[in-house]
Each structure stands twice: as C-alpha cells, then as structure tokens.
Amino acid sequence: MERIGNEAGAVTADRLAEKLKAGGQGTAPDAIGHRVVHGMLHSQPERVSAVLLTELRSIAPLDPEHLPREIELIEAMQRQYPNVPQVACFDTAFHRSMPPEATLLPIPRRYAAKGVQRYGFHGLSYTFLMQELARLGDGAAAQGRVILAHLGSGASLAAVLNGRSIDTSMGFTPAAGLVMGTRSGDLDPGLAGYLMNCEAMNAAQFQTMVNDKSGLIGISETSADVRDLLDRETTDSRAREAIAIFCYQAKKWIGAYTAALGGLDTLVFAGGIGENAAAVRRRICDGLQCIGIELDEARNAEHAACISSGRVVVRVIRTDEESVIANLTAQCVGMSTEE
C-alpha cells in the first residue's frame, strides 16, 4: 500500500485531491485513510459513510482546528474517487480504555450523557509508539508501566499500563493539558468569565485565544517554535520563561503519571520536540532521579534511541502516524499491508 502524506492546511482539499489523482497517472487508489482527530466514543477505525459524516459534522465545534478541514478533505476525495473506500482513523480511539475516573469531568453529570468528557488525542502516534516498543523487545509494552510523551507543536502525554491507556493530558478538546506551541493547555475555568466580564471577550474570541494565540507564542510574544526560543533564551527572558514553563509542566505530568501507574518502567519521547530537542529532554528529566529517571548526557545529545543510564528506560522514537493510518485502513477494507 502506498502512503501519501499531506498537510490539509497547506493546500485546499480539492487541489490536494487533484494532485493525488495526477500523481497516480489516472490510477485510482485502492483505499484512502484519514486521520480524524476527534472520534468521540469510536474505538476502532470505520469506513466513511453518510451516517459517519453527519456525526462528524455535528461534533465539529469540539475541534474547530481540525475537524472541518478533515471533513472537507473526505468530501473532496469522494468527489474525485466516488467508488474508492475511505476510512476514518480516530486519534481518540487509543484512549477508549481509560477508566471513568480519568474520563468523567467534575461538572453536573447530565453533561456526560451529552458526550462532555475527557477523550484524549494523539492516539495514532501512541499506537505506533507502543507497537515500536514491542518490536524493540521492551517488555513494558505488554506488561509494564509506560509514559509516552508526544511533544510537538501539539503536545500531550499518556500513561499506559499493561498496553492500555489509563490517562492522558489532553481532555475534552486538544487545547487541554500541557502548554503547547499556540494552545494554552489547562487553564483556571474562572479565566473565561473574567475575560468576558472585563475584556468583553466572547466565546469565539476566547476559542481563538486559547487555540491560536496562547502557549509558547503567547508567553514568548515572539515564536511558537522551540528552536527559536532556545536560540533566544540567553537574551530574551520571555523565551526563557516559555521554555521553562513547557519543561516544568511536562515534568509534573511525568511525576503525576508515575504515581497513577504505581511506578515507571519506560519513558518515551516523540514528536518534533521530543525527538530533536536534547536540551528540552534534559530539562524535563532533570530532578526526576527520585523516580528512577537518569539520562546519559552524551547519548541524549546524540538523539540516541536509548538515552537513559538509570533504572527507568528512556527512549527516543520517531513516531509515524501515517504508517498506522495505512495499516488500519488496509485492515478495515481487507487489503494486504505490504508495499
């Protein structure tokens, strides 16, 4: 099965569909797989149907950053390839194993019946990382305590016990949890009321602020890119504080999830920051010797596959969500996954 990567935001859905068709020299693909960020209660990939599209449109307000473009791309592919099966692979599915204490929100219970709960995201990345741990022979993948840290422009952590997700930092939407490139992460809920009363901010403006103008870009006022902030931190206190907050929060989540797991066997760094920013990995792990995390400084600087020298195994794994989507799509439509 051929895999074709794309960024839906970089080109219109119709142009992307046309580009794909031209690249195939008139040959239609056997199947088309999509990353769908929010799948609510779906626990498995699903073939796209009119019913599924109606459902996705109804929940688009939960993830205005991703779902509208994902739906647009599915519809564009339907126009170009009306007879080709399409499969939705849900980023939330990995976390459907979380227990009620990790999914229920402490608000009136009637909202849970309407689907208002913690879902978690980055599940396709986490699926790949767990598969890769198993391939590497890490016994914690099947029987052990693992923390996965997908650190990129969007960032989250997940606690995995005996191969099943028991908690994750993102919640009802991808804006929750750890501070990110442009997203705020967790905030005091009273902040919304304060800004509405004192700044005349409406709901749409608040959504824009927490999704597009907060996080590292909001704190630093210069960049959402960790590489830029690391370059500037010696001369710009705002850049230094942005990096410090990011590392401090990631460290707190690791400590919390170690407690939730009853200990820790393996920590995995992935994503653009997790895979490439040795300084960030070092600062996150600094002080975590109390839970068995110690880094080998030389191996960390080299971005080696295993960077630990202590009891807890610390790995750097380059994630591959596309391969997961390709394999799930092939399985869903009954195809071979061989290239």
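Residues numbered from 1 in each chain as written. Predicted model: local features only at pLDDT ≥ 70, side-chain atom pairs only at ≥ 80, totals over all residues. Heavy atoms only, no water.

Visitor: Go over the packing of helix α5 (residues 123-135) against helix α14 (residues 321-333), please, and point to the residues and values.
Guide: Contact geometry of α5 with α14 gives a least axis separation of 8 Å together with a crossing angle of 90°. One element, α5, and the other, α14, form an angle in the roughly perpendicular class. Counted together, L124, S125, T127, F128 and Q131 of α5 and E321, S323, V324, I325 and L328 of α14 form the full contact between these two elements. Residues that form the contact of α5 with α14 fall into these classes: 5 nonpolar, 4 polar and 1 charged. (Axes fitted to C-alpha atoms, helices over the stretch in contact; angles between N-to-C directions. Helix = DSSP H or I, 4+ residues; strand = E, 2+ residues; numbered from the N terminus. Parallel < 35°, antiparallel > 145°, perpendicular 65-115°, else oblique. Contact = heavy atoms within 4.5 Å. Nonpolar A, V, L, I, M, F, W, Y, C, P; charged D, E, K, R; others polar.)

Visitor: Provide a residue-level description of unusual backbone geometry, including the pertinent values.
Guide: In the Ramachandran plot, M40 falls in the positive-phi region, its phi being about 50° despite a non-glycine side chain. Examined against the element boundaries, M40 turns out to sit in the loop between β1 (32-36) and β2 (46-47). Owing to a relative accessible area of 14%, M40 belongs among the buried residues under this scheme. Of note, A200 is a non-glycine position whose phi angle comes to about 55°, a positive value. (Buried < 20%, exposed > 50% of the residue type's maximum accessible area, 1.4 Å probe, protein only.)

Visitor: Quick rundown of the layout of surface pockets? Include the residues and the values.
Guide: By volume, the second largest pocket is sized at about 930 Å³. Along the wall of the second largest pocket there are 30 residues; nearest its centre are F172, T173, A176, L187 and P189. If you tally residues by element for the lining of the second largest pocket, the top one is helix α7 (residues 203-212), at 4 residues. Per-class residue counts for the lining of the second largest pocket are 18 nonpolar, 7 polar and 5 charged. (1 Å grid on protein atoms, 1.4 Å probe; cavity = no way out; pocket = protein on both sides within 12 Å on 5 of 7 lines; lining within 4 Å. Points joined across faces, edges and corners; volume = space filled by probe spheres on them.)

Visitor: Any details on the sheet that holds strand β3 (residues 86-90)? Residues and values, ideally.
Guide: In spatial order, the strands read β1-β3-β2; together these 3 strands make up an open sheet with mixed pairing. Single-partner strands in this sheet number two, and they are β1 and β2. With 2 bridges joining them, β2 and β3 adopt antiparallel strand pairing. Looking at β3, one finds that R47 is bridged to V87. Running over the sheet, helix α2 (residues 50-59) touches β1, β2 and β3 and is turned about 40° from β3. (Pairing = 2+ DSSP bridges.)

Visitor: Please give an account of the sheet that holds strand β4 (residues 145-151) that cites residues and values.
Guide: As summarised here, the arrangement of the 5 strands in space is β6-β5-β4-β7-β8, forming an open sheet in which the pairing is mixed. The open sheet is flanked by β6 (164-168) and β8 (313-316), the only strands paired with a single partner. Each strand axis lies, on average, 20° off the axis of its neighbour in the sheet, ignoring direction. As defined by bridge partners, strand β5 (residues 155-161) adjoins β6 across 4 bridges and the pair is classed as antiparallel. Opposite A159, over in β6, you have D167 as the bridge partner. Sheet contacts for helix α10 (residues 237-261): β4, β5, β6 and β7 (266-270); angle to β5, the most-contacted strand, approximately 15°. Contacts from helix α12 (residues 278-285) reach β4, β7 and β8, with the element oriented near 150° to β7.

Visitor: I'd like to hear about the nonpolar core, residue by residue, with values.
Guide: In terms of nonpolar packing, the biggest core is built from 59 residues, with L151, L157, L178, F246, I254, L267 and I293 touching the most fellow members. The dominant element in this core, judged by the number of residues it contributes, is α10, at 10 residues. Dropping the residues within four chain positions of it, I293 is found in contact with I254, L264, L267, C285, L288, V312 and V314. If you look at the next biggest cluster of nonpolar residues, it comprises 20 residues, including Y126, A141, I317 and I325. (Core = buried A, V, L, I, M, F, W, Y, C linked by side-chain atoms within 4.5 Å.)

Visitor: So what about the confidence of the model for the protein chain? Which residues, and what values?
Guide: Taken as a whole, the protein chain shows an average pLDDT of 93; of its residues, 92% reach a score of 70 or greater. Under a pLDDT of 50 for its full length, residues 1-10 has, in the predicted model, 22 contacts with residues more than four places off or in other chains. (pLDDT = per-residue confidence, 0-100.)

Visitor: Go over the pattern of salt bridges, please, and point to the residues and values.
Guide: A complete count under the given rule lists 12 salt bridges for this structure. We note a salt bridge from D138 to R315, for which the minimum N-O separation is 3.0 Å. Placement of D138 in the loop between α5 and β4 and of R315 in strand β8 is noted, with a sequence separation of 177 residues between them. The exposure classification of D138 matches that of R315, with both residues buried. Of the charged contacts in the structure, one is a salt bridge between D265 and R145, with a shortest N-O distance of 3.0 Å. You can see D265 sitting in the loop between α10 and β7 and its partner R145 sitting in strand β4, a full 120 residues away along the chain. Overall, R145 belongs to the partly exposed group, its relative accessible area being 23%. (Salt bridge = Lys/Arg side-chain N within 4 Å of Asp/Glu carboxyl O.)

Visitor: Please set out the environment of A301 residue by residue, giving values where relevant.
Guide: Mapped onto the fold, A301 is located in helix α13 (residues 297-301). For A301, a relative accessible area of 52% translates into the label exposed. For the pair A301 and G120, spaced 181 residues apart in sequence, the C-alpha to C-alpha distance is 31 Å.

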